[in-house]
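Residues per chain are reported as follows:
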2 protein chains.
Amino acid sequence: MVKAKIAVNGYGTIGKRVADAVQAQDDMEVIGISKTKPNYEAAVAHQLGYDIYAPAENVGAFEKAGMRAAGTIEEMIEKADLVVDCTPGGIGEGNKPLYQKAGVKAIWQGGESHTIAGFSFNAASNYEGALGRDLVRVVSCNTTGLCRVISPIDRELGVKKVRVTLARRAADPNDVKKGPINAIVPDPIKLPSHHGPDVRSVLPQIDITTAALKIPTTLMHVHTVNMEVNTDCTADDIKKIFGSQSRIRFVGQGISSTAEIIEFARDIRRPRNDMWENCIWAESITVHEKEFYFFQAIHQESIVVPENVDAIRAMMELESDGAKSIEKTNKAIGL
Amino acid sequence: MVKAKIAVNGYGTIGKRVADAVQAQDDMEVIGISKTKPNYEAAVAHQLGYDIYAPAENVGAFEKAGMRAAGTIEEMIEKADLVVDCTPGGIGEGNKPLYQKAGVKAIWQGGESHTIAGFSFNAASNYEGALGRDLVRVVSCNTTGLCRVISPIDRELGVKKVRVTLARRAADPNDVKKGPINAIVPDPIKLPSHHGPDVRSVLPQIDITTAALKIPTTLMHVHTVNMEVNTDCTADDIKKIFGSQSRIRFVGQGISSTAEIIEFARDIRRPRNDMWENCIWAESITVHEKEFYFFQAIHQESIVVPENVDAIRAMMELESDGAKSIEKTNKAIGL
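In this text the structure is predicted, and so the values were computed from the model without any measurement. (Residues numbered from 1 in each chain as written. Chains lettered and ligands numbered in written order. Predicted model: local features only at pLDDT ≥ 70, side-chain atom pairs only at ≥ 80, totals over all residues. Heavy atoms only, no water.)

**Things to note about the interface of chain B and chain A**
- Contacts between chain B and chain A engage 43 residues on the former and 43 residues on the latter.
- Both sides of the chain B and chain A interface together cover about 3400 Å² of buried area, and 65% of this is carbon and sulfur.
- Counting across the chain B and chain A interface gives 4 salt bridges.
- For the salt bridge of Glu228 of chain B with Arg163 of chain A, the shortest nitrogen-to-oxygen distance reads 3.7 Å.
- The tally of links between chain B and chain A comes to 15 residue pairs in polar contact (both at pLDDT 80 or more).
- For the side of chain B that touches chain A, the secondary structure elements donating two or more residues are strand S9 (159–169), strand S10 (185–186), strand S11 (208–215), strand S12 (221–229), helix H10 (258–267), strand S15 (286–288) and strand S16 (291–298) of chain B.
- In the side of chain B that touches chain A, the residues fall into 23 nonpolar, 14 polar and 6 charged. (Contact = heavy atoms within 4.5 Å. Buried area = accessible area lost by both parts, 1.4 Å probe. Salt bridge = Lys/Arg side-chain N within 4 Å of Asp/Glu carboxyl O. Polar contact = N/O pair within 3.5 Å; in protein donor to acceptor, adjacent residues only side chain to side chain. Helix = DSSP H or I, 4+ residues; strand = E, 2+ residues; numbered from the N terminus. Nonpolar A, V, L, I, M, F, W, Y, C, P; charged D, E, K, R; others polar.)

**Focus on the relation of the copies chain B and chain A**
- When chain B is brought onto chain A, the operation consists of a screw motion whose angular component is 180 degrees and whose axial shift is 0.0 Å, with 0.0 Å RMSD remaining. Here the symmetry operator amounts to a two-fold rotation axis. The position closest to the rotation axis in chain B is occupied by the C-alpha of Pro216 of chain B, lying 3.0 Å away. (Least-squares fit on C-alpha atoms with pLDDT ≥ 70 in both.)

**Remarks on the UniProt feature "active site" (unreviewed entry) in chain A**
Residues and elements named next belong to chain A.
- The UniProt feature table records "active site" (unreviewed entry) at Cys141.
- By secondary structure assignment, the location of Cys141 is in helix H7 (residues 141–156).
- Sequence-distant contacts of Cys141, that is, excluding residues within four places in its chain, are made with His221, Ile298, Gln300, Ile303 and Val304. (UniProt positions renumbered as here; feature names shortened; annotations may be inferred.)

**Quick look at the sheet that holds strand S4 (residues 71–72) of chain B**
Residues and elements named next belong to chain B.
- On the basis of which strands lie adjacent, the open sheet formed by 8 strands has the order S4-S3-S2-S1-S5-S6-S8-S7 and parallel pairing. If you trace the sheet from one side to the other, it starts and ends with S4 and strand S7 (120–121), each paired once.
- Here strand S2 (residues 28–34) pairs with strand S3 (residues 52–54) via 2 bridges, running parallel. Across the sheet, Ser34 pairs through a bridge with Tyr53, a residue of S3.
- Lying on the sheet, helix H1 (residues 13–23) is in contact with strand S1 (4–9), S2 and strand S5 (82–85); it crosses S2 at an angle near 155 degrees. (Pairing = 2+ DSSP bridges. Axes fitted to C-alpha atoms, helices over the stretch in contact; angles between N-to-C directions.)

**Some details on the packing of helix H11 (residues 305–315) of chain B against helix H12 (residues 322–333) of chain B**
Residue and element names in this part refer to chain B.
- Interaxial distance between H11 and H12 falls to 9 Å at its minimum, and their mutual angle equals 130 degrees. Here H11 is positioned oblique relative to H12, judged by the angle of their axes. Helix-helix and strand crossings are classified by hand; for H11 and H12 the assignment is right-handed. From H11, Pro306, Val309, Asp310 and Arg313 reach across to H12, where they touch Ser325, Ile326, Lys328, Thr329 and Ile333.
- Residue classes in the contact of H11 with H12 are distributed as 4 nonpolar, 2 polar and 3 charged. (Parallel < 35°, antiparallel > 145°, perpendicular 65-115°, else oblique. Left-handed = near helix turned anticlockwise from the far one by under 90°.)

**Points about the pattern of salt bridges**
Residues and elements named next belong to chain A.
- Enumeration according to the criterion identifies 50 salt bridges over all chains in this entry.
- In this structure, Asp198 engages Arg137 in a salt bridge whose closest nitrogen and oxygen atoms are separated by 2.7 Å. Within this pair, whereas Asp198 is found in helix H8 (residues 195–202), its partner Arg137 is found in strand S8 (residues 135–138), the two being separated by 61 residues in sequence. The same class applies to Asp198 as to Arg137, namely buried. (Buried < 20%, exposed > 50% of the residue type's maximum accessible area, 1.4 Å probe, protein only.)

**Quick word on the UniProt feature "domain: Glyceraldehyde 3-phosphate dehydrogenase NAD(P) binding" (unreviewed entry) in chain A**
- Per the UniProt entry, the sites bearing "domain: Glyceraldehyde 3-phosphate dehydrogenase NAD(P) binding" (unreviewed entry) are residues 4–141 of chain A in this numbering.
- Annotated as residues 4–141 of chain A, this span is 32% helix and 23% strand, and its ends, taken at the C-alpha atoms, are 25 Å apart.

**Focus on a negative patch on the surface**
- On the surface, a cluster of negative charge is made up of Glu57, Glu74, Glu75 and Glu78 of chain A.
- Its place among the elements puts Glu75 of chain A in helix H4 (residues 73–79). (Patch = residues over 30% accessible without salt bridge, like charges linked within 9 Å, V, L, I, M, F, W, Y side chains within 5 Å. Areas by Shrake-Rupley, 256 points an atom, 1.4 Å probe, with all protein chains shown as cover. Lys, Arg positive; Asp, Glu negative; His and termini not counted. Charge placed at Lys NZ, Arg CZ, Asp CG, Glu CD.)

**Structural notes on the packing of aromatic side chains**
- All chains considered together, the criterion is met by 10 aromatic pairs over all chains.
- With a centroid separation of 6.1 Å and an interplanar angle of 65 degrees, the aromatic rings of Tyr11 of chain A and Tyr50 of chain A are classed as edge-to-face. Highlighted residues: Tyr11 of chain A in the loop between strand S1 (4–9) and helix H1 (13–23) and Tyr50 of chain A in the loop between helix H2 (40–47) and strand S3 (52–54), separated in sequence by 39 residues. The two residues Tyr11 of chain A and Tyr50 of chain A agree in class, both being buried.
- Considering the side-chain rings of Phe242 of chain B and Phe294 of chain B, the 5.2 Å spacing of their centres and the 70 degrees angle between planes classify their relative orientation as edge-to-face. (Phe/Tyr/Trp six-rings, centres within 6.5 Å; stacked < 30°, edge-to-face > 60°.)

**Side note on the sheet that holds strand S4 (residues 71–72) of chain A**
Residues and elements named next belong to chain A.
- Here we have 8 strands laid out as an open sheet, ordered S4-S3-S2-S1-S5-S6-S8-S7, and parallel in their pairing. The sheet terminates laterally at S4 and strand S7 (120–121), the two strands that pair on one side only.
- Where S3 and S4 come together, 2 bridges link them in parallel fashion. What sits directly across from Ala54, in S4, is Thr72.
- Against the sheet, H1 contacts S1, strand S2 (28–34) and strand S5 (82–85), and its axis sits at roughly 155 degrees relative to S2.

Here you go:
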């Protein structure tokens, strides 16, 4: 089988993980990654054997740093069937003409707006809608985490209303520039936060309001989720529905915080301690009449990674069945 | 007028503030405070001129540290009309026989259970119910903050349902022993948290569920509050109701976090940078049909302090009108 040729444009927090996950599949391969500067992340990409592409003006700097660039970013795009744009939020939009000129398919991340692609993707929610598409946006970590729990509940019980408070990590573990150090920041102050509308870019039928607080931690986000449903149910019914989803993991056994989830990910030898699944505290699932509550933790660095792989598979029409793609992706990365 | 004689048993975070607030009133006075060890807080109490009482076995240690104790804790209680118990949560219960033997009235803090006094107090909610009582519990910081916003809305619009997520400071500013340093801790994991039932100890008619997350900050708690009401309303209606409450303060003008609220309290020369009011971000008040949302910050160290003064005034029958007591307390402490 000819593998789909994938370029990863931007090799930061998301890009480096997407590259590894794509490389682990048997129906697609990374033909190159792009990096603007020859820093420590580029050095690791070089060690891992990825072909590195750079902006034309920086090719010389890579040479000097002992990691010869395979060419310019434009040359990388020419060679690809599909580009996964993992540049920082807001930058990706400027790359659209480049991809269209080269006639390649493109995936953007949740930092870009829905309109960039006209289709926002979550594998458990709308895989089939991405089949054969040229442009797709994979929604952000928080939106992915919400779509994964809302979709199956909506299918089984019918969702009436969702209310979520997100306690958001203020910065990623490698980010030394950002605060707060000791404060709680309602962000945005004006309600609702953008997460609710963003969920509706995938699940337009869902009535959802969200509020977000930025807090001094780097490991994971935590959501307090409240859902009103149309059907009588018990906590066991909810557990059964969540339990049927491969990208939802129940936590317990003394895991009392996000720190212990990450420690567990390290212990089970996950690459970069990644936790691709929503982590739901089973004990927190509480039903009161047709309304239930639970806590879930979301690993902002990695949760969208398998989603990008599934988006590629749908757009390249390598698999028409979403459930099969999810299973294939999971197996290849060790989920 | 003879002033009511108040003893403050326990001179930590809450006790030292209650002592200063009582001393600022013209109808009550502090006849003594108790401290177990002659540490830095005891030294400041000594400087401020409070009579210090100690456990019999530690009286010598105070003498040696250059701050002679005025007597034993039992002797302090004998001299008082009313004891405000500000010992750590769970310790206060053991003091009940001591107070009853001495025939003094007693106030406990929110760390004790409702049953210790049989009456849980919040000035804006049930001042009149405390008139002449011998035993009263002043509810905790979070419960106080919730009662202050729920009561006036329930009176004006009728509350159907309240849903709150509390982002709780993990430790007080002077607490160097506690974590988490870098994690989010759902606490408790099992929902709802105790705060909802605790609000019902003051407002039994209210349908409320609460979820709490412990996070790495020391300054203040932040609540995301959702209320369903029985009456159509606008954001301006809600602002008008909150604006009529002297212990609710709107924040804005570039205040984007708890850190800036505390900076503001320092700038306006509040003692110990205390913020006795609920701080509500006016901009966050958002109405959707008969349901509204907002953010409020709660200063855990000081919010219950004026409530303790009002509880004293009700129990000693120094003032029969709750609104007048609140006004008097506020004026004396500079709120």
